[in-house]
Amino acid sequence: MTDTPKFPICETPKPLDPAQKAALMEEIARLRKEKNAVILAHYYQDGDIQDLADFVGDSLDLSRRAAETDADMIVFCGVRFMGEVAKILSPQKKVVIPDMAAGCSLEESCRAEDLAAWRKANPDHVVVTYINSSVEVKALSDYIVTSSSALDIIEAIPPEKPILFAPDRHLGSWLKRKTGREMELWPGSCIVHEEFSEEALMALKEKHPDAPIAAHPECPFSILEKADFVGSTKQILDFVLSRPEKEFIIATEQHIIHQMKKAAPHKTFIPAPGMDGDCKCATCPYMALNTLEKLAAALRNEEPEIIIDEALRQKALIPLQRMLEISAQAAARRAAAQ
Ligand code: 13P
Ligand code: SF4
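Residues numbered from 1 in each chain as written. Chains lettered and ligands numbered in written order. Predicted model: local features only at pLDDT ≥ 70, side-chain atom pairs only at ≥ 80, totals over all residues. Heavy atoms only, no water.

Engineer: Explain the nonpolar core to me, please; I cannot follow it from the model alone.
Structural biologist: Grouped burial of nonpolar side chains is what soluble globular proteins tend to show. Counting residues in each nonpolar core, the largest one holds 55 residues, and the members touching the most others are L40, I74, F76, V128, F165 and L320. Broken down by element, the residue count for this core peaks at 7 residues, all from helix α15 (residues 310-337). Aside from chain neighbours lying at most four places away, what touches V128 is Y143, V145, I157, I163, L164, F165 and A166. Residues F239, V240, A296 and A298 belong to the second largest nonpolar core, which totals 32 residues. (Core = buried A, V, L, I, M, F, W, Y, C linked by side-chain atoms within 4.5 Å. Buried < 20%, exposed > 50% of the residue type's maximum accessible area, 1.4 Å probe, protein only. Helix = DSSP H or I, 4+ residues; strand = E, 2+ residues; numbered from the N terminus. Contact = heavy atoms within 4.5 Å.)

Here it is as structure tokens:
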């Protein structure tokens, strides 16, 4: 097993002057039409990228969109594993991402050969893998989950089956507590969510006692146990929009606040504070690699392109499709029960 890599440095992109920005926006608008391209963006992307995307979502909704689109090209503004998921689900489409270096600390913590050895040492376990993983790791898994689908998937696995959960130990321990299932956890973590400070969060809560805390399940339990709501990025967005309170403390990557402010300009969203040291900005340094310039270049040059070996893609597709099917069935059951 590999150690979680050291926190990379957050690079603040050079601000564009208004004329440069307008020219890039115009080029992106023209190229996406000419090339019949769809632009998908995650909530952790810069606000300008979110605003020009055809669809902004969490990992589950973005996977669904990637599977359903009739565009010829998918430009995926997120991190590399998200582009890979789009390619696994839509192999006939060209999938490009703005920067191939946009990785994820969770993906990097879990190499396929180490997961294969773990699996081999525990042959009676079911392997459940978070979508924040490489295509090679997905291909070794029985089920893929996202933060919004994980509970549904685990509940669909026969209760007598013990589970190996990779690579996020915090999401895994949250699921273990919620479901009471027997689960062994891979020791990976998200470098952004691990940075929130329980002490600073409590000090902030004292100043804003009526502000509910909403947290992503990639946060350590010390943060999650203080939260009024735990969910995926989309679920956190729905939570703050549905509640009557005017102030919220948000314990996830801070770019999601862009969507919150757009949908509820009368509410205040306070980013949860980080620990002293490395980085206190709740910004994913991998997501931050994507810029408008790189997005325009990806559309113009049709690269960097996600290419996946066909046999590998087919193996990774099986657990991914299981997730899409189980989560769709669970959503239909919930809708029928309402
Ligand atoms: P969501 O599925 O909640 O969007 O999470 C993706 C992610 O990478 C969180 O760090
Ligand atoms: Fe990975 Fe964390 Fe960035 Fe999400 S926020 S992409 S889990 S490093």
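Engineer: Please clarify how the site of ligand 2 should be interpreted in this entry.
Structural biologist: Every residue near ligand 2 is listed here: Y44, V79, C104, S105, L106, N132, C190, V192, E218, C284 and Y286. Residue composition of the shell around ligand 2, grouped by class: 8 nonpolar, 2 polar and 1 charged. (Near = heavy atom within 4 Å. Nonpolar A, V, L, I, M, F, W, Y, C, P; charged D, E, K, R; others polar.)

Engineer: I would appreciate a short explanation of the pairing of strand β11 (residues 247-251) in the present structure.
Structural biologist: Where a strand is regular, its side chains alternate between the two sheet faces. Within β11, 4 of the 5 residues are buried, which leaves it mostly tucked inside the rest of the structure. Sheet topology note: the strand β9 (residues 213-215)/β11 ladder contains 3 bridges and is parallel. Bridging across to β11, A214 finds its partner in I250. Of the pairings in the sheet, the one linking β11 to strand β12 (residues 268-271) comprises 4 bridges and is parallel in character. Bridging from a neighbouring strand, E247 pairs with T268 of β12. This β-α-β element, β11 to helix α13 (residues 257-263) to β12, shows right-handed connectivity. (Pairing = 2+ DSSP bridges. Right-handed = clockwise from strand over helix to strand, strands pointing away.)

Engineer: Please explain empty space enclosed by the protein as it appears in this structure.
Structural biologist: Over the atoms a probe the size of a water molecule is rolled, and this reveals where empty space is left. Taken as a whole and judged by the stated rule, the model has 3 cavities of 30 Å³ or more. Along the walls of the largest cavity sit 27 residues, with Y44, M82, N132, E218 and M287 positioned nearest its centre. Counting residues per element, the ones that place at least two in the lining of the largest cavity are α4 (80-89) and α5 (105-108). A per-class count over the lining of the largest cavity returns 14 nonpolar, 11 polar and 2 charged. (1 Å grid on protein atoms, 1.4 Å probe; cavity = no way out; pocket = protein on both sides within 12 Å on 5 of 7 lines; lining within 4 Å. Points joined across faces, edges and corners; volume = space filled by probe spheres on them.)

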